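Notes for the structure review
Next come the chains, spelled out residue by residue.
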Amino acid sequence: VTGLPEGFTVEYENNTKTNVGSKEATAKVKGNENYTGTVTLNATIEVTKAKVELTADDKTKVYGEEDEALTYKVTSGEVYGTDDLNVNLNREAGENAGTYTITITGTNDNYDITFVNGTYTITKKIINAKNIVWSGLEFTYNGKQQKPTANIDDIPLDVIVNKYYKLNSDYEPT
């Protein structure tokens, strides 16, 4: 209560509210030596949810590499003090070249949270001569056509070239 004459006093009851919700508050105004009685004022304190938007950061890796840590940022609104929004980030399962959804979830009773998912992109690995190892280069004549196998990271070349790798156009086989 403001603007009271000099000597007046105010006593408050339940006049603070931090978390979302409502609460009844009371102010008792007492006069000075020239006034008698007490005036009681009641009011409802209402705290509404803060709006905040959280966006999962997009990530990229090359096929076969370890995943980067998943992260997010506040893209709208504000998180106050040390409030914990209990954020969880998860990447859609898969290790092949392609795109995967990063989902973001969380909760806090004091916030109205909007979530924006991200994308985890796994790019094809570039094939260089150092990735290719030949096997089955020695044969004993048996009257049939013989064929060695080229392997990349111990997987036959013909199985994975189009699925996981892209050819380095600068490479000339020797």
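Now for a quick tour of the structure. A quick note: this is a predicted structure, and the numbers were derived from the prediction, not measured. (Residues numbered from 1 in each chain as written. Predicted model: local features only at pLDDT ≥ 70, side-chain atom pairs only at ≥ 80, totals over all residues. Heavy atoms only, no water.)

1. Digging into the pairing of strand 7 (residues 88-91)
Short version of the rule: Here the term buried applies to any residue with accessible area under 20% of the maximum for its type, exposed to any over 50%, and partly exposed to those in between, with areas from a 1.4 Å probe on protein chains only. Counting from the N terminus, the helices are the DSSP runs of H or I reaching at least four residues and the strands are the DSSP runs of E reaching at least two. By definition, two strands form a pair when at least two bridges between them are found by DSSP.
With burial as the criterion, only one face of strand 7 is covered, namely that bearing Leu 89 and Arg 91; the residues Asn 88 and Asn 90 on the opposite face remain uncovered. With four bridges connecting them, strand 7 and strand 8 (residues 98-105) associate as antiparallel partners. Considered in strand 8, the bridge of Arg 91 is made with Ile 102. Following strand 7, the chain reverses through six residues before pairing antiparallel with strand 8; Gly 94 in that reversal takes a positive phi of roughly 145°.

2. Examining the nonpolar core
This is how it is decided: Note on terminology: a nonpolar core comprises buried Ala, Val, Leu, Ile, Met, Phe, Trp, Tyr and Cys residues joined through side-chain atoms within 4.5 Å.
Grouped together as the largest cluster of nonpolar side chains are 13 residues, with contacts concentrated most on Val 52, Leu 54, Leu 85 and Ile 113. Elements represented by at least two residues in this core include exactly strand 4 (50-56), strand 8, strand 9 (111-116) and strand 10 (118-123).

3. Some remarks on the sheet that holds strand 9
Our working definition: Axis definition: a line fitted to C-alpha atoms, over the contacting stretch in the case of helices. Angles run 0 to 180 degrees between N-to-C directions.
Strand order in the open sheet made by the three strands is 6-4-9, with mixed pairing throughout. Either end of the sheet is taken by a strand with one partner, and the two such strands are strand 6 (72-77) and strand 9. Ignoring strand direction, the axes of neighbouring strands in this sheet form an average angle of 30°. By the bridge criterion, six bridges tie strand 4 to strand 9 in an arrangement that is parallel. If you follow Val 52 over to strand 9, its bridge partner there is Ile 113.

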